[in-house]
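# A structural walkthrough
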Amino acid sequence: MVLMDIQPDYQFTAEGEMSPSLEEGWPRKSSLFTVIIWIFTVFIISNQGYVIENIMGRSINALILEDSPSDAELILHELRSSGFDPLWVLVDTGDRFVAELRPELDVILADYTLPQYDVLMALDTVKARQLDVPLIVVTGAVDESRVVEALRRGASDYLVKDRLSRLGPAVNHALEYRALRREQREAQNRLDEVTAMR
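Note that this is a predicted model, so its numbers are computed, not measured.

This part takes up the sheet that holds strand S2 (residues 84-91). With parallel pairing, 5 strands are arranged side by side in an open sheet as S2-S1-S3-S6-S7. At either end of the open sheet lies a strand with only one pairing partner, and these are S2 and strand S7 (157-160). Going from strand to strand, the sheet's axes swing by 25 degrees on average, the running direction of each strand aside. Note: strand S3 (residues 107-110) against strand S6 (residues 135-139), 3 bridges, orientation parallel. Bridging from a neighbouring strand, Leu109 pairs with Ile136 of S6.

This part covers the layout of surface pockets. Here the largest pocket defines a volume of roughly 330 Å³. For the lining of the largest pocket, the secondary-structure elements that each account for two or more residues are helix H5 (119-128) and helix H7 (167-197). By residue number, the principal contributor to the lining of the largest pocket is H7, which donates 5 residues. By residue class, the composition of the lining of the largest pocket is 9 nonpolar, 3 polar and 6 charged.

Moving on, we get to the packing of aromatic side chains. The final tally for this structure, using the stated rule, is 1 aromatic pair. Relative to Tyr117, the ring of Phe97 lies with its centre 6.0 Å away and its plane at 50 degrees, an arrangement referred to as tilted. One end of the pair, Phe97, is in helix H4 (residues 94-100); the other, Tyr117, is in strand S5 (residues 117-118), with 20 residues separating them in the sequence. Classification of Phe97 as buried rests on a relative accessible area of 0%.

The rules behind the values
- Residues numbered from 1 in each chain as written.
- Predicted model: local features only at pLDDT ≥ 70, side-chain atom pairs only at ≥ 80, totals over all residues.
- Heavy atoms only, no water.
- Pairing = 2+ DSSP bridges.
- Helix = DSSP H or I, 4+ residues; strand = E, 2+ residues; numbered from the N terminus.
- Axes fitted to C-alpha atoms, helices over the stretch in contact; angles between N-to-C directions.
- 1 Å grid on protein atoms, 1.4 Å probe; cavity = no way out; pocket = protein on both sides within 12 Å on 5 of 7 lines; lining within 4 Å.
- Points joined across faces, edges and corners; volume = space filled by probe spheres on them.
- Nonpolar A, V, L, I, M, F, W, Y, C, P; charged D, E, K, R; others polar.
- Phe/Tyr/Trp six-rings, centres within 6.5 Å; stacked < 30°, edge-to-face > 60°.
- Buried < 20%, exposed > 50% of the residue type's maximum accessible area, 1.4 Å probe, protein only.

In structure tokens:
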């Protein structure tokens, strides 16, 4: 067995003080470590929302219009897989849908056809309430003309249930487009206020 002679990184004098070599090296190492910690802390503070979203998931308020609990569970699973943390309410009738409509909603995910209610009626209700909440149609196979009509009446997107991998990007796009609309409205309101003051 070969015994290695390992020298310590620092030494103390007989008086208990650090040797000159340590006094020269230690402050530099300590300062570098402090700077690294400081930079890391600033990054965490300045990106707190981003870090929390990526660890915990992006929280969204979702209203799901669906009469199949198993299909609703698949939708929620895909949302979570896409990085969302959904706060959700499931409704399966027109009356319950109307009762749960509120401005705080981030997205509505609706099956095309339910007994005595369909997505076109849901879109008309959202419009009548003047709510800026994107509605995404998530349904089974349906006639193409119905898809076109839903999009024409204000649906943000259309997804087939057996191809839910596009749900995350569709929700992201709908939320980004809504944010853009709100910025445009605010800019127009400011412009109108300035114009009125002249």
